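Given next are the chains, with one letter for each unit.
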Amino acid sequence: MPKHIAIIMDGNGRWAQARGYPRFYGHIRGVTRVKEVVRTSRELGVKALTLYAFSTENWKRPEDELKVLWALLRKYIRKEVKELKKNGIRLHVIGEIERLPEAAQRELKGALEELSDCSEMHLTFALSYGGRTEILDAARKIVSDCSEGRLNISDISEKVFSDRLWTSPLGEYADVDLMIRTSGEQRLSNFLLWQCSYAEFDFPAVLWPDFTSEELKKSLQRFGERNRRFGGV
Ligand code: FPP
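Every value quoted in this text rests on a predicted model; they were computed, and no experiment measured them. (Residues numbered from 1 in each chain as written. Predicted model: local features only at pLDDT ≥ 70, side-chain atom pairs only at ≥ 80, totals over all residues. Heavy atoms only, no water.)

Enquirer: Give a description of the sheet that holds strand E3 (residues 89-94) that names residues and reports values.
Expert: An order of E3-E4-E2-E1-E5-E6 is seen for the six strands of this open sheet, with the pairing classed as parallel. Sheet topology places E3 and strand E6 (200-202) at the edges, where each strand pairs with a single neighbour. Averaged over all neighbouring strand pairs, the angle between strand axes comes to 20°, with direction disregarded. Where strand E5 (residues 178-181) meets E6, three bridges bridge the pair, whose relative direction is parallel. Residue pairing across strands places Met-179 opposite Phe-201, the latter belonging to E6. Its contacts with the sheet put helix H7 (residues 213-224) on strand E1 (4-8), E5 and E6, and the angle it makes with E5 is roughly 135°. (Pairing = 2+ DSSP bridges. Helix = DSSP H or I, 4+ residues; strand = E, 2+ residues; numbered from the N terminus. Axes fitted to C-alpha atoms, helices over the stretch in contact; angles between N-to-C directions. Contact = heavy atoms within 4.5 Å.)

Enquirer: Provide a residue-level description of the side chain of Glu-65, including the pertinent values.
Expert: For Glu-65, the position within the fold is in helix H3 (residues 63-86). We classify Glu-65 as buried; its relative accessible area is 8%. Beyond its immediate sequence surroundings of up to four residues, Glu-65 is in contact with Arg-23 and His-27. (Buried < 20%, exposed > 50% of the residue type's maximum accessible area, 1.4 Å probe, protein only.)

Enquirer: Residue-level account of the pattern of salt bridges, with values.
Expert: When their charged atoms lie close together, side chains carrying opposite charge are able to pair. Enumeration over the complete set of coordinates arrives at 22 salt bridges. Close ionic contact of Glu-120 with Arg-42 constitutes a salt bridge, the shortest N to O distance being 3.7 Å. Of the two residues, Glu-120 is situated in the loop between helix H4 (102-114) and strand E4 (121-129) and Arg-42 in helix H2 (residues 23-44); the sequence distance between them amounts to 78 residues. What makes Arg-42 partly exposed here is its relative accessible area of 24%. For Asp-137, the salt bridge goes to Lys-141, with nearest N and O atoms at 2.9 Å. Within this pair, Asp-137 and its partner Lys-141 are both found in helix H5 (residues 131-147), separated by four residues, close to a single helical turn. What you see here is one network of salt bridges that share partners, running through Asp-10, Arg-14, Arg-181, Glu-185 and Arg-187. (Salt bridge = Lys/Arg side-chain N within 4 Å of Asp/Glu carboxyl O.)

Enquirer: For the site of the ligand, give the residues involved together with the corresponding values.
Expert: The environment of the ligand is formed by 16 residues, the closest being Asp-10, Gly-13, Arg-14, Arg-23 and Arg-61. Here an oxygen atom of the ligand sits 3.3 Å away from a polar atom, N or O, in the main chain of Gly-11. In the environment of the ligand, an oxygen atom lies 2.9 Å from a nitrogen or oxygen atom belonging to the side chain of Arg-23. Its free accessible area being 620 Å², the ligand has 91% of it covered by the protein chains. Residue composition of the shell around the ligand, by class: seven nonpolar, five polar and four charged. (Near = heavy atom within 4 Å. Polar contact = N/O pair within 3.5 Å; in protein donor to acceptor, adjacent residues only side chain to side chain. Areas by Shrake-Rupley, 256 points an atom, 1.4 Å probe, with all protein chains shown as cover. Nonpolar A, V, L, I, M, F, W, Y, C, P; charged D, E, K, R; others polar.)

Enquirer: Help me get a handle on H5, residues and values and all.
Expert: Between its first and last C-alpha atoms H5 spans 24 Å; for 17 residues at 1.5 Å apiece the expected length is 24 Å, and the two agree. Those residues of H5 that fall on the buried side of the exposure criterion are Gly-131, Glu-134, Ala-138, Ile-142 and Asp-145. The buried residues of H5 all sit within an arc of 80° when viewed along its axis, so they share a single face. Along H5, the residues that are exposed and aim more than 90 degrees away from the buried face are Arg-132, Arg-140, Val-143 and Ser-147. Packed against the buried residues of H5 are E4 and helix H6 (158-162). With its phi angle positive at about 80°, Gly-149 sits one or two positions after the end of H5. (Expected span 1.5 Å × (residues − 1). Arc of directions from axis to C-beta.)

Enquirer: Report on the environment of Glu-113, specifying residues and quantitative values.
Expert: Relative to the elements of secondary structure, Glu-113 occurs in helix H4. Given the relative accessible area of 52%, Glu-113 is considered exposed. The spatial distance from the C-alpha of Glu-113 to the C-alpha of Leu-91 is 8.8 Å, given a sequence separation of 22 residues.

Enquirer: How would you sum up unusual backbone geometry? Please name residues and give values.
Expert: Peptide bonds are, in most cases, trans, and in most cases residues other than glycine have a negative phi. For Ser-128, which is not a glycine, the phi torsion comes out positive at approximately 50°. Tracing the chain through its elements places Ser-128 in strand E4. Residue Ser-128 is classed as buried on the basis of its relative accessible area of 0%. One non-glycine residue with positive phi stands out, namely Asn-190, at about 65°. Inspection of the secondary structure puts Asn-190 in the loop between E5 and E6.

Enquirer: Describe in detail the nonpolar core, supporting the description with residues and values.
Expert: Nonpolar side chains tend to gather and get buried jointly when the protein is soluble and globular. In this structure, Ile-7, Val-38, Leu-49, Leu-51, Tyr-76, Leu-123 and Leu-127 are the most contacted members of the largest nonpolar core, which totals 40 residues. Counting residues per element, this core draws most heavily on H3, at nine residues. Among all residues touching Ile-7, those that are not within four sequence positions of it are Val-37, Leu-49, Thr-50, Leu-51, Tyr-52, Ile-180, Phe-191, Trp-208 and Phe-211. Listed in part, the 13 residues of the second largest apolar core include Ile-94, Ala-126, Trp-166 and Ala-199. (Core = buried A, V, L, I, M, F, W, Y, C linked by side-chain atoms within 4.5 Å.)

Written out as structure tokens, the structure reads:
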């Protein structure tokens, strides 16, 4: 079983358009799958689940679609916090959160606090997230720590660097074991670039609104058949 699963939830727009619905309807159906995948991951004992909900590039989308996405996020948080708490799921957010509409930021902040004591599973939403920006941010923190005498250049290690990434609250689970991208596209799209160094990749051909628990289990089955050598023999 992978300890950390990361998912690029791709294909909502195509799913809706193929059925003659507006694109946002795909996002609505996508939230159902978010709930399902969170529940199943927790049941299976996954320790960290990171979902790419919005990239820095997604700001280019039409205003109406953005509005729907933020409304869905707020609704999800409002409706699910109790359930997450009951299941010991701690919430994290990575990305340029300050760019989000204030109402969404407020909702998230409340949930982060409410769930801060939970420790069974880490659920992270990547929102206005970019992997290169995250790495640059860590580099800036390192430079600042060195120039202000808190860190010696000779002490900069992978661990010191990881500790300054946005995923540092995940601790020992920050490295991704299994990266899934739905919809058949085979790209990383700037997601968790550092954390995916030794990840296994799975690209199921189903669109995100069709990614049921059964599909997740199929991905896990394929993961189980991989031979992970981490550079060894
Ligand atoms: C990619 O599909 C999906 C997104 C950009 C948004 C994902 C968001 C959700 C699943 C709902 C958000 C809610 C919560 C609770 C985080 P796409 O629109 O790029 O699809 P396409 O490639 O077919 O156009």
